[in-house]
Amino acid sequence: MTATLARPATPPPRTARRALLSWPVLVGAAAVGIVVVGLSYRLSAHGAAPSAYYAVFWLGMLTAVLPTAARILAPGAGSRAGAVALLGVLTFAPKYLRNPFAPAYHDEYAHWRQAEDVLELGKLLRPNFLIPIVQDYPGTSALTAAIARLSGLSVWSSGQVLELAAHLSCLFAVAVLARVHLRSERAGGIAALVYGLNPSFVYFDTQYAYEGVAIPLFLWVLALTSLAARTPSRRRRYALVAASVVTAAGAVVTHHLTTLFLLLLLAGVAVLATVGRRWFPAERVGVWWAVLGGTVLVAGGWLAGVASATVAYLSPYFGGSVTQLQAMAAKSDTGRVLLAPSVQPLWERGITALAPVVVGLLALRALWLLRRHPRALPVDTLALMAYGLVYFPAVLFLLAPSGAEGARRSWAFTYVGVALIAAFVAERPRRSTRLPFRWVALGAVTVLLVGNVGGGLNDPYRFPGTFRWGTDTNSASAQARTVAEALAREAGPVRVVADRYTALALIAYGGIDVATPSVGFPAAQLVQTGNDPSRELAGMLVGSRYDYVVVDLRMTQEPAFNGDNFGSTDPLQGRATPRAYVDRLDAVPWASRILTTEHVRVYRLDLYQLGQTLRSGS
Amino acid sequence: MSTVVLRPRVVTLTVAALVVAVCALPSTPLVLPVVVGVAGWSAARLVLGSRADANDAVDGTDAVGGTDDGLLRATLPVVLGMLALLGSVLLAAVLRWRIDTPAITVAAGMVALGLLGAARWRTFLPTEGGESADSARRESLHAVSRTTTHRIGKACARVVGAGLVLAAATAVAIALRPVPVERYTQLALAPAVALAGAPVAARPDAAVTLTWTVTGYGGPQDGQAPPVAVTVGGAAARDLRVTVAPPSAPDPATGAVDVRPGSVTFRAPTTEGLYPVHVTVADATIGATLKVAR
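Residues numbered from 1 in each chain as written. Chains lettered and ligands numbered in written order. Predicted model: local features only at pLDDT ≥ 70, side-chain atom pairs only at ≥ 80, totals over all residues.

K.L.:
Quick question: what am I supposed to make of the overall build of chain B here?
P.N.:
Helices and strands together make up the secondary structure of chain B, namely 6 helices and 11 strands. A total of 294 residues make up chain B; the buried ones form 36% of that total. (Helix = DSSP H or I, 4+ residues; strand = E, 2+ residues; numbered from the N terminus. Buried ≥ 20, exposed ≤ 12 C-beta atoms within 10 Å, placed from the backbone.)

Shown next, in the form of C-alpha cells:
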C-alpha cells in the first residue's frame, strides 16, 4: 500500500469553525485563561475592588473554558477525550493557583497533617485533632503517603498529584457512564462537560481532602456497574461486578459521605430498576443488586471494625438540618440569610440564582422528550436521571445552617444525574428548531459555570486576599505557624485552648491537640469572658492536661468573618473579643505569657494557682 | 502495512522484570509510574479482557459504551492502578509493616506482579464458546501495526506539548501572585521556666535569673541591643542586670533569620507571696509568676 493510495489527493478544506476548535487553539486559549485567572488573584491579593477581580477571574475562566466546551458540544463523532481532559485541567487550575504550595482550606490542614503523621510514624489510622473522623478513613493519607514515598515529592505536592488525577478521573467516569447509557461519544463528552460545571467541582472537590479522592470512585462504580448490566459475556460481567465492588471498597475506606451516597444510589437504582422493568426496557437488574450487596458488606464491615464513630459524627448534620428546616417553615429565625452581605458582585449572585433555572429547564425538556418516547431509555438510566432531580430539594437545605454543608456536598453526587439528563436532551434530534443550538448551549454552560461557582464557596475561600480575621483561609499567618512549630519543638504534642483559626496552624504545623469547646466543656471562657474559669472548668482543663492557651490579638480588632472564634458555643458570637479579656491573662496568677510575637501570645496555665492573690511592689 | 509482532509471554516477562528492577533500584522516579501503570493495565486487562476477543459491541463497528470502548480502556487502568496502590498500602498496614519507602515499594511491587500474572493467566482461560483462547505452549502472536504506534505516538506528543504549555501558563500565573513576607520577632522564655507549669521559686531578696531568646523572622534583627525592662509586682525590678548577646545563626529547621539570647537578673521581693514578673524586650513582653517563700 503506497502513501498516495492511503491519503486523498487533496485534503478536505478546513472550515474556519474547525480551525477555531483545533487542539492548538484550545490549548492556547486555556493557557491565556490560566494566566488571566492568576492576574485576578494578584488583584485580590493586593486588595483591589471585588468587582474588578471577579470580572478578571471570569474573563480568564470563560476564555479558557468556552472554546473547550464548544469543541465538546460540536456535532458529529470523534473522540472528545482530549477536550474532556483539558476541561479537567481548567477546572482544577483555579484551586491549585489559590494555594499551590501549602494547605489553606480547613479540611486541607487536617488531611495534610494526617499524611505527614502517617509517614512520620509509619502507621495508618492516626488520631486527627482537626477532623477526628479522618482517622477512620485512611484512603487519602495512604495514597498520598505512597505517592510521596515512591516519587520523592513532598506530601503537599503528592496530594496535589492525587487530587489532579482524581479530578480528571471524575470527568472520564461520567463520560464513560454516559457513553454506556446513551451509546454516543458526544453524549459522553456533554455529560462530562455538565458534570464539570457542578457547584463543588471547581473549588470544593479540588481541595486536598477525602471527598476529592472518593467521588471519582463513586462515579466509576456507577460506570462499571452500568457496563456490567449491559455486558452479554458472563465472565466479563462477573469481572466488572468484582471491579465495581473493589472500587466501592476504595470509596468506603476513603470517605464516609461518599459511601452513604453510593449505598443510597445503588439501592435506589436497584429498587427502581426491579419495579420499573415491568413498564420500561431493563438491562440485567441483578447486577445492581450484586454490587449493592458487595458494597453493603464492605461498608458494614468497615463501620463495625474500624469506623464505628461515623454514625455519631454524621447524625447531627441530618437530624439538625431537618429540625432547622421545620423551624424555618414555622417562621422562626434559625435559618441562613440568602444574599447576605458579601463582596460577591450582584451580577454573579444573579447568575447563581439562574443556574437552578437552567437545570430545571433541562429537566423539563427531558420529561417532555420522555413523555413522547417513554420507552426510549432503559430503566436504570431513568433511575440515574431521576436521582439527578434530588438536586432541587437539596437547594432548600442551603437555607438551614446544619444542612447547608450537606447540601453543598450533595451536588457532586446528584449532578451525575443532571449530567445524564443534559446529555440525553442534547443528543435528541430536534425538529426544525430555529434556536442556534451551539449558542444556546454555550450560554447555558456560561450560566452554569458562573452561577454554580458563585453558589459554592465564599470569597475568602475562592480568592487570596489581605489578612481578614475569622476566615479559615485569609487568617493564616506566618506568626501562627512559627509559634506552632516553636511550641511543638519545645513542649512536644501538648494540649492547647485556642480560637478555631489559630488552631488550624497549631494542629497542622505543630501536631498540637486543640480543645473543641462545647456546652459541657466551655473552654472558650478562658478568653471570651472577663472572669476566672469556674472550678469545674479548671478541673476539666487540669484533668485533661490542657496546659496552654494561645490567643491571636487580631481577634480583638474585628469580629470573626465566620461569626465566631470558638465555634457554636462561643459566648461572643458576632463580636470581637474585648482586648481587656485577653490582657487580663497577664495579671492572673494562673497564667504566664511564655512566648509572644506581635500578634500571637502563648500562655502556660497553672490552674492550681486559681484563687490566689498576686502581690504588688518589688 | 508493516507491523511489530509481540509475543505475550515475552512482553509479560519483560514487564515483570521492569517492575522488579524499578523496585530494586533505590529511589528512582520511575517506580510510581511503572508500578501504578503495570498494576492498572493488568487489572483492566483482567476485567475487560483483550480487545481481540471483545464481542460486546452494539454492532460490528461501534464500540462506544461497550467493553471495547477506547475511552474506557484508556482511563480505567489509571483508576485501577490507584486502587492497587491503595490496596498495597492497606496490605502493608494489615501485615503490620511500618509504612515507609521499602514497605510501600515491596507491597506495590507484589500487587503489580500479582495482577500481571493474573492478567496473563486470564488469557489461558477457555473462551465462553469452549475453545482455548490461548495456551501456554502455543500462544497467539499479537501484531501491532506501525500506523497504530504512529497514532499513539502523535497523541502522546500532543498531550506532552499541551502539558508543557499549560505548565508554563500555570507557572506564570503563580509568579503573578505577590509573595507576602511577614517580618517579626518572637520572644520566648527559656523552656526550663516556661514549661514548668509552676511559679518560679525564690527566697526573699535572692537573685533571680530569667533567660529568653528573641528569634527574628523575615529579616535580620537590629544589630544594636534592644532595651530591656523588668517589673516585679508592677514595680521596676531591683538590682537589674541585663545580658544581651548579639544575633547569631539559628537552627536551620526553625526557618528563622537570626536568634538573640539574653537574660535578666534581679532581686526577689523581701516579702513572701506570689508576684507577677514581666520582662519587656524592645516592645514585646513575656512573663512568669514568682513565688517568694523562705
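K.L.:
Can you help me understand the overall build of chain A in this one?
P.N.:
For chain A, the count of helices and strands is 25 helices and 5 strands. In terms of overall size, chain A behaves like a compact globule, its C-alpha atoms giving a radius of gyration of 27 Å where 618 residues would be expected to give roughly 25 Å. For chain A, buried positions account for 54% of its 618 residues. Taking contacts inside chain A between residues at least 6 apart in sequence as the whole, the part at least 24 apart equals 72%. (Rg over C-alpha atoms; globule rule 2.2 N^0.38 Å. Contact = placed C-beta atoms within 7 Å.)

K.L.:
Just to check I follow, could you spell out unusual backbone geometry for this structure?
P.N.:
Excluding glycine, a negative phi dihedral is what most residues carry, and trans is how most peptide bonds are arranged. All names here are of chain B. Of note, R96 is a non-glycine position whose phi angle comes to about 60 degrees, a positive value. A positive phi is found at A282, a non-glycine position, where the angle reads about 55 degrees. Assignment of secondary structure puts A282 in the loop between β10 (273-281) and β11 (284-292). With 15 C-beta atoms counted inside 10 Å, the residue A282 sits in the partly exposed group.

K.L.:
Would you mind showing me how to read the sheet that holds strand β5 (residues 600-605) of chain A here?
P.N.:
The pairing of strands in a sheet comes from backbone hydrogen bonds and takes either a parallel or an antiparallel form. An order of β2(A)-β1(A)-β3(A)-β5(A)-β4(A)-β3(B)-β5(B)-β9(B)-β8(B) is seen for the 9 strands of this open sheet, with the pairing classed as mixed. The sheet is open, and its two borders are formed by β2 (513-514) of chain A together with β8 (238-244) of chain B, each paired with just one other strand. Judged from the 2 bridges that link them, strand β4 (residues 591-596) of chain A and strand β3 (residues 184-189) of chain B form a sheet pairing that is antiparallel. Directly across from T596 of chain A, in β3 of chain B, lies its bridge partner L187 of chain B. Along the sheet, helix α22 (residues 502-510) of chain A makes contact with β1 (495-498), β2, β3 (546-552) and β5 of chain A, crossing β1 of chain A at roughly 160 degrees. (Pairing = 2+ DSSP bridges. Axes fitted to C-alpha atoms, helices over the stretch in contact; angles between N-to-C directions.)

K.L.:
Looking at this structure, how should I read the interface of chain A and chain B?
P.N.:
Reports of interface size often rely on the accessible area that becomes lost once the parts have come together. Between chain A and chain B, the residue contacts involve 90 residues of the former and 85 residues of the latter. A total of 12 residues in the side of chain A that touches chain B trace back to one element, the largest contributor, which is helix α3 (residues 23-45) of chain A. When the residues that make up the side of chain A that touches chain B are grouped by side-chain class, the tally is 48 nonpolar, 24 polar and 18 charged. (Nonpolar A, V, L, I, M, F, W, Y, C, P; charged D, E, K, R; others polar.)

K.L.:
Even after reading the chapter, I still don't get helix α8 (residues 155-182) of chain A, so can you show me in this structure?
P.N.:
Taking 1.5 Å per residue, 28 residues should reach 40 Å; α8 of chain A reaches 40 Å between its end C-alpha atoms and fits that length. The buried fraction of α8 of chain A amounts to 24 of the 28 residues, a majority that puts the element mostly inside the structure. (Expected span 1.5 Å × (residues − 1).)

K.L.:
What exactly am I supposed to notice about the pairing of strand β6 (residues 228-232) of chain B here?
P.N.:
Within a regular beta strand, the side chains point alternately toward one face of the sheet and then the other, so they alternate between its two faces. All names here are of chain B. As defined by bridge partners, β6 adjoins β10 across 5 bridges and the pair is classed as antiparallel. Opposite T231, over in β10, you have H278 as the bridge partner. The pairing of β6 with strand β7 (residues 235-236) spans 2 bridges and is classified as antiparallel. Residue pairing across strands places V232 opposite A235, the latter belonging to β7. Linking two consecutive strands that pair antiparallel, namely β6 and β7, is a turn of 2 residues; a positive phi of about 60 degrees is found at G233 within it.

K.L.:
Quick question: what am I supposed to make of the confidence of the model for chain A here?
P.N.:
In low-pLDDT segments, the atomic positions of the prediction should not be examined closely. All names here are of chain A. With 90% of its residues at a pLDDT of 70 or more, chain A shows a mean pLDDT of 90. Of the regions scoring below 50 in pLDDT, residues 1-13 engages in 2 contacts with residues more than four places distant in sequence or in other chains. Throughout residues 332-339 the model reports pLDDT below 50, and contacts reaching past four residues in sequence, or to other chains, amount to 12 contacts. (pLDDT = per-residue confidence, 0-100.)

K.L.:
Help me out: how do you make sense of the sheet that holds strand β4 (residues 200-202) of chain B in this one?
P.N.:
All names here are of chain B. The 5 strands are arranged β4-β11-β10-β6-β7 in an open sheet whose pairing can be described as mixed. Each edge of the open sheet is held by one strand with a lone partner, namely β4 and β7. Here 3 bridges tie β4 to β11, and the two strands are oriented parallel to one another. If you follow A201 over to β11, its bridge partner there is K291.

K.L.:
What should I look at first to understand the environment of L71 of chain B in this one?
P.N.:
With respect to the helices and strands, L71 of chain B occurs in helix α3 (residues 70-94). On the neighbour-count criterion, L71 of chain B (22 C-beta atoms within 10 Å) is buried. Each residue touching L71 of chain B, except ones within four places of it in the same chain, is listed here: A81, F172, A175, V176, R179 and G188 of chain A.

K.L.:
Explain the nonpolar core to me, please; I cannot follow it from the model alone.
P.N.:
A general tendency of soluble globular proteins is for nonpolar side chains to be buried together. Residues and elements named next belong to chain A. Ranked by size, the top nonpolar core spans 274 residues in total, and within it V174, A191, A419 and A423 carry the most contacts. The greatest single-element share of this core, amounting to 16 residues, is contributed by α8. With residues up to four places along the chain from it excluded, the contact list for A423 reads A178, L182, A187, I190, A191 and V194. (Core = buried A, V, L, I, M, F, W, Y, C linked by C-beta atoms within 7 Å.)

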